[in-house]
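Descriptive analysis of the structure
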Amino acid sequence: MANNKNQIRINIVNQSAFPLPAYATEGASGMDLRANIEAPVSLGTLERQLIPTGLFMEIPLGYEAQIRPRSGLAAKQGLTCLNTPGTIDADYRGEIKVILVNLSNETQTIQPGDRIAQMVIQQVEQIQWQPVEALSETLRGAGGFGHTGKN
Ligand SMILES: O=c1ccn([C@H]2C[C@H](O)[C@@H](COP(=O)(O)OP(=O)(O)OP(=O)(O)O)O2)c(=O)[nH]1
Ligand SMILES: [Mg+2]
């Protein structure tokens, strides 16, 4: 990302078949990703498959891409991303792939070009550790996992 922080270098295999991923509406967080497959792919119940997208990206340092499920696919067909949200590191130069899993009790079929997931670009921080002997005290303390709201 040289000058404009909202520009990301992208290389698409199979460009003629698929347009660039795009925001569907003005306020969309994610861009849908399409299955870059030559033939339909079927997933049986609980089967997972690594589905290629044909996208290779150069994400600027300080950003990441997250691969997230599409709610429509999840609600209608039980198809979701197994590792959601998938993490695309800024220094990754390989093909973006989607790990789809079928959580329905029927076989589900993906057609070439189907929108199988969505990608959100986010800022991300790297940190340095500061090892200490004790942590600061808070009201919550070590309470968690349903700790609040009890009488
Ligand atoms: O849904 C995903 C998740 C990851 N990746 C790619 C980009 C990411 O930068 C790389 C590594 O992902 P991750 O760190 O989640 O996997 P890992 O099992 O820790 O592999 P590695 O040891 O290569 O980091 O794989 C995808 O294409 N799709
Ligand atoms: Mg990793």
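Everything quoted here is computed from the prediction, not taken from an experiment.

What to know about the site of ligand 1
Taken together, the neighbourhood of ligand 1 is formed by Ile67, Asn83, Gly86, Thr87, Ile88, Asp89, Tyr92, Ile96, Lys97 and Ile99. When residues of the shell around ligand 1 are traced back to their parent elements, those giving at least two are strand 7 (86-88) and strand 8 (95-102). Of the residues that constitute the shell around ligand 1, the class distribution is five nonpolar, three polar and two charged.

Re the sheet that holds strand 6 (residues 79-81)
Pairing between the strands of a sheet is mediated by backbone hydrogen bonds and can be parallel or antiparallel. With antiparallel pairing, the four strands of this open sheet are ordered in space as 1-4-8-6. Two strands bound the open sheet, and with one partner strand each, they are strand 1 (9-12) and strand 6. Pairs of neighbouring strands in the sheet enclose a mean axial angle of 40 degrees, with direction left out of account. As defined by bridge partners, strand 4 (residues 48-58) adjoins strand 8 across six bridges and the pair is classed as antiparallel. Within the sheet, the bridge partner assigned to Pro52 lies in strand 8 and is Lys97.

Focus on the environment of Ile67
Residue placement: Ile67 occurs in strand 5 (residues 63-68). Judged by the 23 C-beta atoms lying within 10 Å of it, Ile67 falls in the buried class. Spatially, the C-alpha atoms of Ile67 and Thr87 are 6.5 Å apart, while their sequence positions differ by 20 residues. With residues near it in sequence (within four places) discarded, Ile67 still touches Cys81, Pro85, Gly86, Ile88, Val98, Ala117 and Met119.

Re unusual backbone geometry
Omega for the bond connecting Thr84 with Pro85 falls within 30 degrees of zero, at -15 degrees, which places this linkage in the cis form. Its identity is not glycine, yet Leu46 carries a phi of approximately 65 degrees, on the positive side. Along the chain, the position of Leu46 falls in the loop between strand 3 (41-43) and strand 4.

Notes on the UniProt feature "binding site: substrate" (unreviewed entry) in the protein chain
Using the residue numbers shown here, the UniProt feature "binding site: substrate" (unreviewed entry) corresponds to Arg70, Ser71, Gly72, Asn83, Thr87, Ile88 and Asp89. Spanning 20 residues, the annotated positions stay apart in the fold, the maximum distance between their C-alpha atoms being 26.4 Å. In this fold, Thr87 is placed in strand 7. Among the residues examined, Thr87 registers 11 C-beta atoms within 10 Å and is labelled exposed. With sequence-adjacent residues up to four places away left out, Thr87 is seen in contact with Glu64 and Gln66. Along the chain, Asp89 falls in the loop between strand 7 and strand 8.

Thresholds applied
- Residues numbered from 1 in each chain as written.
- Chains lettered and ligands numbered in written order.
- Predicted model: local features only at pLDDT ≥ 70, side-chain atom pairs only at ≥ 80, totals over all residues.
- Near = placed C-beta within 6 Å.
- Helix = DSSP H or I, 4+ residues; strand = E, 2+ residues; numbered from the N terminus.
- Nonpolar A, V, L, I, M, F, W, Y, C, P; charged D, E, K, R; others polar.
- Pairing = 2+ DSSP bridges.
- Axes fitted to C-alpha atoms, helices over the stretch in contact; angles between N-to-C directions.
- Buried ≥ 20, exposed ≤ 12 C-beta atoms within 10 Å, placed from the backbone.
- Contact = placed C-beta atoms within 7 Å.
- UniProt positions renumbered as here; feature names shortened; annotations may be inferred.

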